[in-house]
Amino acid sequence: SATFPLMADNLTAAMMDEAHDSITAWPAYVPTPLVQLDKVAAHCGIAAVYYKDESQRFDLKSFKALGGAYAVAKLVAEQTAFGVDPTTITVTTATDGNHGRSVAWGAQQAGCRAEIYIHQHVSEERADAMAAYGANINRINGNYEASLAACKADAAAHNHFIVSDTSWPGYRAAPLNIMAGYTVMGREIIDQMGSVKPSHCFLPIGVGGLAAGIVAPLWRDRGAELGRMIGVESYMSSCFLDSIVAGAPQLVDITAETLMAGLSCGEVSDVAWEILQPTLAHCLAIGDDAVAPLMAGFTNSSFAPAPIEAGECATAGLAALLAAKKDPALWQELGFESQSVVLLIGTEGATDPFLYQQLIAAGRQI
């Protein structure tokens, strides 16, 4: 079988298999639906559009449930193997909401403590959802990078274990385990699609962990016939696009927050970069204009036979696909034809119910 770029030093097949065996044994585990957006495919003149609906992932309504909780479980298991009492362990992370919710949930399951750091733009609803699992919430002035800096400083001072989905020099183990958790989603997609293979995948990118978690099992399955992997970011935080252009990871200073909060990350994860830099065919940056209308469209069956609960970030791939369709030159550059099969990742449901209802209402007015 084909060897994934840098996989020996990164996300190995054994790590993916271990994550799959562990997570699929969790209580209440079921694969999330893979829905065909027939109306979108007809509009675009292509063979099929598949949408992975992560709004139904456990009770957390987000793909993030697969990563943070799995990394916490592995960390606590490793520590208890040395005789450490789980109740003396504190895990910590910075988050825009969904990852922290997974870490908090994982800490509750593992019997350890969680300290979660959020920035000033994270909603109270998302903070409350994390606190509901017993986590202590620390709100920091500034953006995501400011909350991560505070998380790192306090972890060093108090011997907390960082469980971040962002890697940096000398910090790789937890982000790799988180990405290994995400590969369960990619493996489900492969099983659900059967003999059908995607020609194009639109991958929402924050720090890159989700995209890498989809690409890795697809590469393992298809090798050189991977298809076109397309990164989708907010133009307000397009750290991956900037990094691809520069040829090395770049830091973006986020001055305005996108509605797609999970994509609001200014720095690429090193381990994700190693996987995505050799495999992404294209990188697209989009605005927020389509978020509310597409969220509303999902609820009223505009795209599929039945309503779908799609949160803000879940619209990114569809927004990019529809924007590309409107631009004939871009459509051609992306290599679309009548037999194209598109994979979209519906990353989240209503993880902030109040904002979700606000945006649905706004979207119906447009």
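Residues numbered from 1 in each chain as written. Predicted model: local features only at pLDDT ≥ 70, side-chain atom pairs only at ≥ 80, totals over all residues. Heavy atoms only, no water.

Q: Can you explain the overall build of the chain? Please cite residues and give values.
A: Broken down by element type, the chain carries 14 helices and 10 strands. Here the C-alpha atoms of the chain give a radius of gyration of 19 Å, agreeing with the 21 Å that 2.2 N^0.38 yields for 366 residues. Dimensions of the chain along its principal axes, counting C-alpha atoms only, are 60 × 50 × 40 Å. Per-residue burial over the chain gives 60% buried out of 366 residues. When contacts within the chain are restricted to residue pairs at least 6 apart in sequence, those whose partners lie at least 24 apart make up 74%. Roughly 14,000 Å² of accessible area belongs to the chain as shown, and the carbon and sulfur atoms make up 52% of that amount. Charge separation in the chain, taken as the distance between the mean sites of 20 positive and 38 negative side-chain charges, equals 5 Å. (Helix = DSSP H or I, 4+ residues; strand = E, 2+ residues; numbered from the N terminus. Rg over C-alpha atoms; globule rule 2.2 N^0.38 Å. Buried < 20%, exposed > 50% of the residue type's maximum accessible area, 1.4 Å probe, protein only. Contact = heavy atoms within 4.5 Å. Areas by Shrake-Rupley, 256 points an atom, 1.4 Å probe, with all protein chains shown as cover. Lys, Arg positive; Asp, Glu negative; His and termini not counted. Charge placed at Lys NZ, Arg CZ, Asp CG, Glu CD.)

Q: So what's going on with the sheet that holds strand S3 (residues 90-95)? Which residues, and what values?
A: With respect to topology, 4 strands assemble into an open sheet ordered S5-S4-S3-S6, the strand pairing being parallel. The open sheet has two edge strands with one neighbour each: strand S5 (136-140) and strand S6 (161-162). In this sheet, S5 lies alongside strand S4 (residues 113-119) in parallel orientation, the contact comprising 5 bridges. Residue pairing in the sheet places isoleucine 116 in a bridge with isoleucine 137 of S5. (Pairing = 2+ DSSP bridges.)

Q: Before we move on, can you summarise unusual backbone geometry with the specific residues and values?
A: Residues other than glycine seldom take positive phi values, yet phenylalanine 58 does so here, at roughly 50 degrees. When you line up the elements, phenylalanine 58 lands in the loop between strand S2 (48-53) and helix H3 (68-81). The backbone of asparagine 159 sits at a positive phi, close to 60 degrees, despite the residue not being glycine. Mapped onto the fold, asparagine 159 is located in the loop between helix H6 (144-158) and S6. A residue is classified by how much of its surface remains accessible, and asparagine 159, at 64% relative accessible area, is exposed.

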